[in-house]
Every structure is written in structure tokens, then in C-alpha cells.
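Here is how the chains run, residue by residue.
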Amino acid sequence: MKQFKHLGAYGLIIKERKIVLIKKKGGPYNEKLDLPGGTIEWGETPEQTLIRELNEEVGIDVTNYELFDTNSVVLEWMHKEELEKVHHLGIFYKILNYNNEVLEKIKIDEKNDDSLGARFYEIDKLRKNELSDIAKLEIEKFGYKLKN
């Protein structure tokens, strides 16, 4: 079984018991709700990645943030009919302020290759089976209880 590591920077935008999540297209979290963010590219700082990814996936310009957590999960998924194991490591930031509106629909292109759009979801209505493993972990670490 192939094993991979994935390191990314992610944003938690929470207001009035609602959180911004993206609908994933492709990858181990296909069709799941996930935190906006993504891979730290060569030469980028985690903060630069956070700002770039939230603009690409959510359409916002992050203006203020603070480090919230670092964490990881290990998961298995079928990729091209082969079982793969992924160690997903994340650096998570609370988004304190941003410009622009959250885009519910966003174009898939060379800049955004995995977000079908973003919106605010009521945390109290989210179910664990709707969420990526990393999103579940961080929402619960933030102090919220998720439904089974």
C-alpha cells in the first residue's frame, strides 16, 4: 500500500455558531465538507498558503488571523483502484477578519482544483459523516459537539 504525507494550512471562519466549509471535488474527501485551505507550495509560508487558498477556494481576502492548532489524521482511500494511506497534517488558523463575500459557487480551474464553493453551515446541524476527518477534528477541538 502506498503511503503519502500531505501538509496544508487551513482557515476556521466561525460566526454565531456557523462555520465556512467547502464542498470537496476529488481526493480522499470527495463530496465531503472540508475546511478551506490546502497544500503549502514550494517556498510559501503557511500564512501565505492560508491567504492564497482562502482566496482561491472561498473568494475572500484574509486580513487578520491567528494560529489555532496543528494536528493530523491518518486515513485510507481508494485512488485509481489502489488503496492508499495518507497522513494529513494541518496548520489551522482562526480567521478574525476578511474582505469580500464568501462565494457559494466557484469555478474549477488551474488555481482552484478542488472546491465546489463555500458557505456558512450551522455547526449544530452538521453530521460527522458529512465532514472530512480533519474538519471533524478541528470543529470538535474548537469546543463544538457534532452529531453522529
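In case you missed it, the structure is sitting above this.
Okay, so let's go over this structure. Since we're looking at a predicted model, the values are computed, not measured.

What counts and how
- Residues numbered from 1 in each chain as written.
- Predicted model: local features only at pLDDT ≥ 70, side-chain atom pairs only at ≥ 80, totals over all residues.
- Heavy atoms only, no water.
- Helix = DSSP H or I, 4+ residues; strand = E, 2+ residues; numbered from the N terminus.
- Rg over C-alpha atoms; globule rule 2.2 N^0.38 Å.
- Buried < 20%, exposed > 50% of the residue type's maximum accessible area, 1.4 Å probe, protein only.
- Contact = heavy atoms within 4.5 Å.
- Areas by Shrake-Rupley, 256 points an atom, 1.4 Å probe, with all protein chains shown as cover.
- Lys, Arg positive; Asp, Glu negative; His and termini not counted.
- Charge placed at Lys NZ, Arg CZ, Asp CG, Glu CD.
- Pairing = 2+ DSSP bridges.
- Axes fitted to C-alpha atoms, helices over the stretch in contact; angles between N-to-C directions.
- Expected span 1.5 Å × (residues − 1).

Let us now look at the overall build of the chain. Across its full length, the chain holds two helices and eight strands. Counting from the amino terminus, helix and strand elements in the chain follow one another as β-β-β-β-β-α-β-β-β-α. Here the C-alpha radius of gyration of the chain, 14 Å, is about what a compact globule of 148 residues would show, namely 15 Å. The principal-axis extents of the C-alpha atoms in the chain amount to approximately 45 × 40 × 30 Å. Taken across its 148 residues, the chain has 42% of its residues classed as buried. Partitioning the intrachain contacts of the chain with sequence separation of at least 6 by distance along the chain shows that 66% fall at a separation of at least 24. For the chain, the exposed surface amounts to about 8,500 Å²; the carbon and sulfur share of it is 46%. With 24 positive and 28 negative side-chain charges, the chain shows a spacing of 5 Å between the two charge centroids.

Let's shift gears to the side chain of Glu 53. Among the structural elements, Glu 53 can be located in helix α1 (residues 46-58). Ignoring anything within four residues of it in the chain, the contact list for Glu 53 reads Gly 37, Gly 38, Thr 39 and Val 58.

Our next topic: the environment of Glu 82. As for its position among the elements, Glu 82 is in strand β7 (residues 82-99). Residues Glu 82 and Lys 15, spaced 67 residues apart in sequence, show a C-alpha to C-alpha distance of 40 Å. When neighbours within four sequence positions are excluded, Glu 82 is seen to be in contact with Lys 2 and Trp 77.

Spatially, the four strands line up as an open sheet ordered β5-β1-β7-β6, and their pairing is mixed. Strands at the two margins of the open sheet, each flanked by one partner only, are β5 (37-39) and β6 (61-79). Along the sheet, successive strands turn relative to each other by an average axial angle of 20°, direction set aside. Of the pairings in the sheet, the one linking strand β1 (residues 2-12) to β7 comprises 11 bridges and is parallel in character.

Turning our attention to α1. Spanning 13 residues, α1 covers 17 Å between terminal C-alpha atoms, matching the ideal 18 Å at 1.5 Å per step. Looking only at α1, the buried set comprises Thr 49, Leu 50, Arg 52, Glu 53, Leu 54, Glu 56, Glu 57 and Val 58. Looking at the buried side of α1, the elements it contacts are β1, β3 (18-24), β5, β6, β7 and β8 (115-122). Just beyond α1, the residue with positive phi is Gly 59, at close to 85°.

Geometric descriptors of this kind do not, in isolation, establish any biological role.
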